Amino acid sequence: MKKLVLLIFVFLLCSVTYSQYYSTGQDRSSISWREIETDDFQLVYPSYFENQAQRLAAIFTELYHLNKKSLKVQPKKVSIVLHAETTKSNGYFAWAPRRGELYSTPPNAGLPNDWLEHLATHEYRHVVQMDKLHEDLPKILTVLFGEQAVPAVLSYKVPMWFMEGDAVLSETLLSNAGRGRSPKFLQVMKAHLLENENWYSYDKASLGSFKDYVPNYYEFGYFMVANTLKNYGDDFWINALAKAGEYPYPWYNFAEFSLKNEERKRTFQKLIQELDSHAETESTFDSKELEIAEKWNNNAHKNATVTLYNDNMTELQARWKQEQSLIDTTTYQPLSKSVKIYTNYTSPQILNDGSIAVLKSGYEDYLQFVNLKNDGTEEVLFTPGNLTSKINVNDEFLYWTEDIPHIRWTENSHSALYYLDVISKKKRKIPFDRDLYMPSANEDNSLIVAVVKNDDYTNELVVLDRETGELKYQYNFGSTRITDPQFINSSTIAYIFTEDGTGIAELNLKTKEKDLLVEIFNVALSDLEYSDGSLLFTAGYEGKNDIYKLEMDTSKLIKLTESPYGASEATISGDKLVYVSYTSKGNQVVSMDLEEGENIEVEPKAWNDDLLLQAVNHQQKEAELSYDKSLAFSSNHYSKSKKLFNFHSRSPFAFSSGDYDLGISTTSQNLLSTMFVNVGYRDKSGYKNGQAYANLVYKGWFPIISTELSYGKQSRRLLTILDNQNPIDTATIKQEKRRWEWETEVSLPFDISRGKYSRHITVSTGLEFTKDRKVKHTYLSGTSDISSYKEGDPIHLGLEKTHKLLKYNFVFSNLHKRSYRDLYSPFGQQLSFTYRHTPFDDDNAYTYAAEGVFYFPSLIKHHGIKLYGAYQYQPEQNEFLDDNIEHPRGTSSLLSEKKYTLMSNYKFPLAYPDWNLGRVLYVKRVNTALFYDYGLSKTEDYSKNIHSFGTEFTADAHILHIPIPIVFGVRVGYETQTSDMFYDALLSIRF
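This is a predicted model, so every value here is computed, not measured.

Q: Just give me the short version of the overall build of the protein, but keep the residues and values in it.
A: Across its full length, the protein carries 14 helices and 49 strands. In summary, the protein has a C-alpha radius of gyration of 31 Å against a globular reference of 30 Å for 991 residues, a match within 12%. When the backbone C-alpha atoms are referred to their principal axes, the protein occupies close to 105 × 70 × 60 Å. Every one of the 991 residues in the protein was classed for burial, and the buried ones make up 58%. A total accessible area of about 41600 Å² is found for the protein, and carbon and sulfur atoms account for 52% of it.

Set out below in structure tokens:
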């Protein structure tokens, strides 16, 4: 019983991170939807996507049987929504409500297999993982909390690296591609372990860091899952997942029931034998030189998952050291700055003066176009928005594409083409009404070739007039994926294509004939660039990415580099090859003399699995995904209006307008994320015994409609001026009343984000119906020593009333993008104006307020300045109208006609400790903020100034290994309202 009580307590603590609605937005309202429904899944998609939806249905049918066998579980029926009108190339699976969402737009440089097959294989694995966890979960949790019981237990029991690593392994084993065969994916962990002798702590590796770059869940997780499976067999993870559901207590770690000492000893002995055998045959390091025995003995930890992590890192590091010692790498010279903090320099392009335009980003820098000048300095050329493909330079012109969000529909975005004159710094958009990617210019910059990705999953090459955007030529490749088009001459374009593998071809614009230049294999090709009769490109024919050159006149394929971890994005400058080389501190731009390169003639070939994947494949013996493309599924119209409600979970928290309180609630969210309902009882601040409520939000039309009904006993303390006293008494009073509230609002949200600024405008109007009953005011204290009131005396300040209030609100936000370490936006404004009145009441009360938040950069990186200013006008007789503005921290609101508030913050990071307290707490960053606030309350014959100042100490942290971070801390200050110190606890969740 004690275990059950503690489990529910921990569950309540964790479920707040999962119990609000999860939605990425809405599709345009005019889409006509269809559905395919079988016993195992429901697939909802736009009607024009019928052909690909039929193929997806066949894929999911086969995946159901393959995953049922591999995880030994009976998958439950799942609903999946497909979004086809966005620039996103992604997908996710959510459990509350239980559904999958897929984005069909293929990535620009992806894997050498079909995008929809890859996406379905990865995401469906998450469905089955969750079902396996749910299978043995105590029934009381699902009875009490509904669907959100599974993600809540998952948050502290099952590491995210397992969820993603297992899905990556699944996508790899079920295809001839997958990220387990992607050199770009594999290079990250290899560089991390070979360049850092002492690997990071388990907490840091699994939860991240602001101090150092940490391989993500996918990269880290793949090697953890695959190497463990190789050593301990496929039942290891099946058992771990099942036990996580059967014993969902936080003191049992994920590998607790799977890692056995005897098996661990056998694994160590086998590792020693294999390392020594390899050392003997290849003349490389043996196990003693690698100090394996000493490290293995030190790996043991009371937490079995930490032991497993240490063992895997020890083994991978040793094996990769042996491999790396046999590679004779190319000598190169760094062109980008040497960095201590993780920084990426990518997409190098040579400008007319010999300098190099690159993309720069990292922990300290948001994405910018930067010029690496010949004298070694850097010049910022431009800050773009969210790029949808890489940059291309011809002469002094820089071309790129970036995401343009729809003004209303989040799942309907556009990829637009721009170019920048790097001399004049003038930017121009090329007018074209379709989504463009991967642009490249011809020799005289008069024409642009680009890829068009259509909503129906077809791809085209288009040639446009640069000045007018006029379409000069187009060619439809169907579902064959096209990337990296390059002009060879005025009538020929070379490109990379993916169709059951990846190859390179050329298209004659006049004859429409296509010629194969590089044979198709299951190896990803990218970064195609034409240079003086040759095509440069990146390929992983030998297990890691290197630069290759195709001589077009002789058809010879020449390998140019032998990189330590991975080389990519090459271009030629005179007799130099300029390219990107990966390191654990990020990508760096380097150069080498062409004559000193590898210059080895090679043949393209299929991917050869590394030893790890060979061993896993041998154990799993899983068949490659194979499905019948001729299968025909019955499809029907999907009615949006008939499927608005889907109550899925109960929660110990109550949510409304993004805020949460303790309480109890039940939630509904429909499949298309257009209708949200939350009903419950909450411990709302200012209410004596909580507040009952029901709210509904509908987002299926352009305007968002929301309504909420609530009831509770309100109790609050107010400061008011009693001018019937001599002298005037500033009194603290207690107000109690029973309040019914019904609020309905219609809002028009506009997303006008462009470039480096995220811009939003929201215009709203609403009706508030408020009915106050049993209103009572009690005198508590005052500033006058001779007041006629004593503590506890009743004061007659207001009558029982019913108010019908109209409100109007305008909000504008303009925020500059920020880097990973920035605490505030480096520059931005958030403005708000609110007007409320009661035109239907006898007193016709009113109030209005204006607020502004302003962000400014500091002279020191990642320090930020935030200023808040507000003004409110509210006649004293309208005290039932709540404040719309903030008041100085540590003080109470004053009832007065005019209010002014100024608040200032200077916030900066103190340290990046990456410190843990067992499994309970992991702290990534400690911050400090200094603040000073000023408030002024005025009437016609009275004014009062209030000041407060102090400091805040906060920490970015994780509790119980939950991947969603929290920020907690304390505020200490002094205020002049009562001339006293004040202390506040601070807590927020970063969803």
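And the narrative resumes.
Q: Would you mind going over the sheet that holds strand β1 (residues 33-37) in detail, with residue names and values included?
A: Spatially, six strands are ordered β4-β5-β3-β2-β1-β31 in an open sheet, and the strand pairing comes out mixed. Every other strand in the sheet has two partners, leaving β4 (91-95) and β31 (635-637) as the edge strands with one partner each. Each strand axis lies, on average, 20 degrees off the axis of its neighbour in the sheet, ignoring direction. Pairing geometry for β4 and strand β5 (residues 98-103), over five bridges, is antiparallel. In the sheet register, phenylalanine 93 faces β5, and the bridge partner there is glycine 100.

Q: Explain the pairing of strand β2 (residues 41-46) residue by residue, including any values.
A: β2 sits mainly inside the fold: six of its six residues count as buried. The sheet contact formed by β1 and β2 spans five bridges and is antiparallel. In the sheet register, glutamate 35 faces β2, and the bridge partner there is valine 44. Taken together, the four bridges between β2 and strand β3 (residues 78-83) define a ladder with parallel strand orientation. The residue of β3 that forms the bridge with phenylalanine 41 is valine 78. Assessed by its sense of winding, the connection that carries the chain from β2 through helix α2 (residues 50-70) to β3 is left-handed.

Q: Please give an account of the environment of lysine 337 that cites residues and values.
A: Relative to the elements of secondary structure, lysine 337 occurs in the loop between β6 (333-334) and β7 (343-350). Take lysine 337: its relative accessible area is 45%, and that puts it in the partly exposed class. Taking the C-alpha atoms as reference, lysine 337 lies 13 Å from serine 361; in sequence the two are 24 residues apart. Beyond its immediate chain neighbours, meaning those up to four positions away, lysine 337 contacts Tyr345, Gly376 and Glu378.

Q: Any chance you could break down the pattern of salt bridges for me, citing the residues and the numbers?
A: Enumeration according to the criterion identifies 52 salt bridges in this entry. Here arginine 98 and aspartate 131 are joined by a salt bridge, their closest N and O atoms 2.8 Å apart. In this pair, arginine 98 sits in strand β5 while aspartate 131 sits in helix α3 (residues 115-135), placing the two residues 33 residues apart along the sequence. Linked through salt bridges whose partners overlap, the residues forming this network are Glu542, Lys544, Asp546, Lys559 and Glu562.

Cut-offs applied
- Residues numbered from 1 in each chain as written.
- Predicted model: local features only at pLDDT ≥ 70, side-chain atom pairs only at ≥ 80, totals over all residues.
- Heavy atoms only, no water.
- Helix = DSSP H or I, 4+ residues; strand = E, 2+ residues; numbered from the N terminus.
- Rg over C-alpha atoms; globule rule 2.2 N^0.38 Å.
- Buried < 20%, exposed > 50% of the residue type's maximum accessible area, 1.4 Å probe, protein only.
- Areas by Shrake-Rupley, 256 points an atom, 1.4 Å probe, with all protein chains shown as cover.
- Pairing = 2+ DSSP bridges.
- Axes fitted to C-alpha atoms, helices over the stretch in contact; angles between N-to-C directions.
- Right-handed = clockwise from strand over helix to strand, strands pointing away.
- Contact = heavy atoms within 4.5 Å.
- Salt bridge = Lys/Arg side-chain N within 4 Å of Asp/Glu carboxyl O.

Take it as geometry only, folks, not as evidence of what the structure does.
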